[in-house]
Structure formats: structure tokens, C-alpha cells
Amino acid sequence: MTSVADVRRPGGRRAAGRSAWFLVLPALIPILLFSVGPLLYGVLLALTDAQSGRTQATRWIGALNFRDLVHDTLFWESFRIGLVWAAGVTVPQFLLALGLALLLSQDLRLRGLVRALAIVPWAMPEVVVGIMWRLVYNPDAGILNETLRDLGLGDGHDWLGALATALPAVIVVGVWAGLPQTTVALLAGLQNVPRELHEAAAVDGAGAWRRFRAVTWPALRPVALAITALNLIWNLNSFALVYVLTSGGPGGKTRLPSLFAYEEAFRYGQFGYAAAMGCVLVAVVSVLLAVFLAGRLRGGAPA
């Protein structure tokens, strides 16, 4: 083990640095293999005309794929749909999770059981969630349409197959599936709010809304900003849930950018062009992350 005296000796700092790298290496290798490596390969692939089933050698074409992408209206339409999806899921997800977290932070009976039940959707794989909600939305025998028929509110509706309702129906599923982790994060933040501050504010005559604004929200804001930014990034990169529900249909109304890139690569065999789409998504996510980190640093909060 390297002591303080050894570090101060000539060459001691280099030895300490080698020891630190040796300790970090087990965690660094998987990141390099499964994150950095594929990312670099995707960037290189985006600069080629790689296609499936091609007998000719793959050629280096530079930024030609990105130039074509600028004029691809279908891709930018999918990007618009992706932004609508991400915002449509993130905003109501946060509001509902905030209300649920405030409720679960109270001294309720069976609070532990309720908290356990609240995270059940989080434990379900996205594929299972998608299959379950396809059954809920089934136009013939789905529980949603059956309930509407029993209430006399109509003969049923093809929620996932109609152009007007497909995206809103998928957004509802996204909100439901992502609600638990947002609730857990906000609930953890609420545990750090000193109870004494609430009691002092109540003694001073502050109502529930004023106590929330003056006591709860200032302490909860860093957690709220962090989980909202992460949710926005996760939702923008969504794939499995929407793929199982609609596969991007009907008429491309739920075709997120990741689904568009998947179709280009594995349906049409345009690997280079699909890789360029992936690079654009990575760039957008990186910008969002940079904006979030810059805001945290300007606010004086640790990133």
C-alpha cells in the first residue's frame, strides 16, 4: 500500500498514478468495450456507404450521409415526433410523480406496502409492458374498450391503429411505465427536507402550498432538475416500448428517430445511413446533457 511519504518521494506520484489506474481498470474496460468502442465504430460507419447484402467493397464517402440526412424530411418528421413524445411523457410523468411522492411521504397506513406497489411497473421489462398495454388497447376485447362499452360511451376505438390517437395512447403508456423511477427519485429527495422546517413554517401560519414553495421545493429542486433531464434523454432514446406497441405506425405517426434508424438499418439494409442518424441522436443528447450540466454549475450545485 502506498503511504503519504512514498507519494512525496521522487517517482512516488507516478507509482500512485499507476496504482489508481490499476484500481480503475476493471470498471474502465467494460465502458471502453461496450460504450466507447461501439460509439467510435458507429461514427466510422456513418462515413461509409455500408449496406447489407452488398458484394462490392464498402467505400469511404465522408459526410455524404449527413448531407443526405439534412434533406431527409421523413427523418426530421420522426425527430419532431420524438420531441413531442419525449416532452409529452416527461412533463406529466414529473407532475404525477411529484404528487405521488408527496402522498407517499406522509404518515399513511400501510405506507410500506403502497410504496412497494408503486414501483411494480419499474420491475417489468419494456417488452412485457408493451404486450400488456396492447391487450388493454385491443379494439375488440381490450379492457379499455370493454369499460367504455359498459359505461355507454361508445362501441370501442382502435387506439393504436388510428392516426389521431396512436401517439397519445403510446404517451400514456410511457408515462405509466416511467412513473415509478421518477417517484422514487423525488421521494428520496423529500426525505432530505428537515421536518423541523415544516413544523416551524406551520407554526408561523403558512399553509400547505406556501410550505411547499418556501420549504419543500427549494430542497427538492436539484433532484427534480436531475431526474427531469435524465427522463428527457431516456425518452428521446426510447425504442423497445414503442416498437412493441406500434412498430412506428400507423402511417409513421409514432416513428421515433430510433425506430427510423432501426428500419433503415435492418429493413432496408442502409447501415451507413442509419449510423449517421445515430450520430445525430448522440449529438442532440450530448447537447441536452451539456446544457443541464452547465445549468447545474451556474447554479452552484454539484453536477
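- The name given to the chain in an unreviewed UniProt entry is Transporter integral membrane protein, and the organism recorded there is Streptomyces filipinensis.
- Under the UniProt heading Sequence similarities (unreviewed entry), the note attached to the chain is "Belongs to the binding-protein-dependent transport system permease family."

Regarding the environment of L259
Then step 1. Residue position: L259 is located in helix 12 (residues 257-266).
Then step 2. Each C-alpha atom of the pair L259 and S78 lies 8.6 Å from the other, and the pair is 181 residues apart in sequence.
Then step 3. Ignoring any residue separated from it by four or fewer positions in sequence, one finds L259 in contact with F239, V242, Y243, S247, G248 and T254.

Notes on the packing of helix 6 (residues 126-136) against helix 8 (residues 166-190)
Then step 1. Two elements in contact, helix 6 and helix 8, have axes separated by 11 Å at closest approach and are oriented at 135°. One finds that helix 6 runs oblique with respect to helix 8. Both helix 6 and helix 8 take part in a crossing whose hand is right-handed. In this structure, helix 6 uses V129, M132 and W133 to contact helix 8, whose residues at the interface are V172, V173, W176 and A177.
Then step 2. Split by residue class, the contact of helix 6 with helix 8 holds seven nonpolar, no polar and no charged.

Comments concerning the pattern of salt bridges
Then step 1. Tallied over the full model, the rule gives four salt bridges.
Then step 2. Salt-bridge contacts for R80 lead to E77; the nearest nitrogen and oxygen are separated by 2.7 Å. On the criterion of helical spacing, the pair formed by R80 and E77 is a turn pair, its members being three residues apart in helix 4 (residues 73-104).
Then step 3. Its salt-bridge partner being E146, residue R149 comes within 3.2 Å of it at the nearest N-O pair. In this pair, R149 and E146 both sit in helix 7 (residues 143-150), three residues apart, roughly one turn of the helix.
Then step 4. Residue R149 is classed as partly exposed on the basis of its relative accessible area of 28%.

A short note on the nonpolar core
Then step 1. If you look at the biggest cluster of nonpolar residues, it comprises 24 residues, and the most contacted ones within it are W85, W133, V173, L241 and L245.
Then step 2. Secondary-structure elements contributing two or more residues to this core are helix 4, helix 6, helix 8, helix 10 (208-236) and helix 11 (240-245).
Then step 3. Here the element with the most residues in this core is helix 8; it accounts for seven residues.
Then step 4. Discounting chain neighbours no more than four positions away, the residues touching L241 are W85, E126, V129, G130, V173, G174 and A177.

Quick look at a nonpolar patch on the surface
Then step 1. Together, L110, L113, V114, L117 and V120 line one region of the surface with nonpolar side chains, adding up to about 470 Å² of accessible area.
Then step 2. Mapped onto the secondary structure, V114 falls in helix 5 (residues 111-118).
Then step 3. On the basis of relative accessibility, which here comes to 37%, the residue V114 falls in the partly exposed class.

Reading guide: rules and limits
Residues numbered from 1 in each chain as written. Predicted model: local features only at pLDDT ≥ 70, side-chain atom pairs only at ≥ 80, totals over all residues. Heavy atoms only, no water. UniProt positions renumbered as here; feature names shortened; annotations may be inferred. Helix = DSSP H or I, 4+ residues; strand = E, 2+ residues; numbered from the N terminus. Contact = heavy atoms within 4.5 Å. Axes fitted to C-alpha atoms, helices over the stretch in contact; angles between N-to-C directions. Parallel < 35°, antiparallel > 145°, perpendicular 65-115°, else oblique. Left-handed = near helix turned anticlockwise from the far one by under 90°. Nonpolar A, V, L, I, M, F, W, Y, C, P; charged D, E, K, R; others polar. Salt bridge = Lys/Arg side-chain N within 4 Å of Asp/Glu carboxyl O. Buried < 20%, exposed > 50% of the residue type's maximum accessible area, 1.4 Å probe, protein only. Core = buried A, V, L, I, M, F, W, Y, C linked by side-chain atoms within 4.5 Å. Patch = residues over 30% accessible without salt bridge, like charges linked within 9 Å, V, L, I, M, F, W, Y side chains within 5 Å. Areas by Shrake-Rupley, 256 points an atom, 1.4 Å probe, with all protein chains shown as cover.

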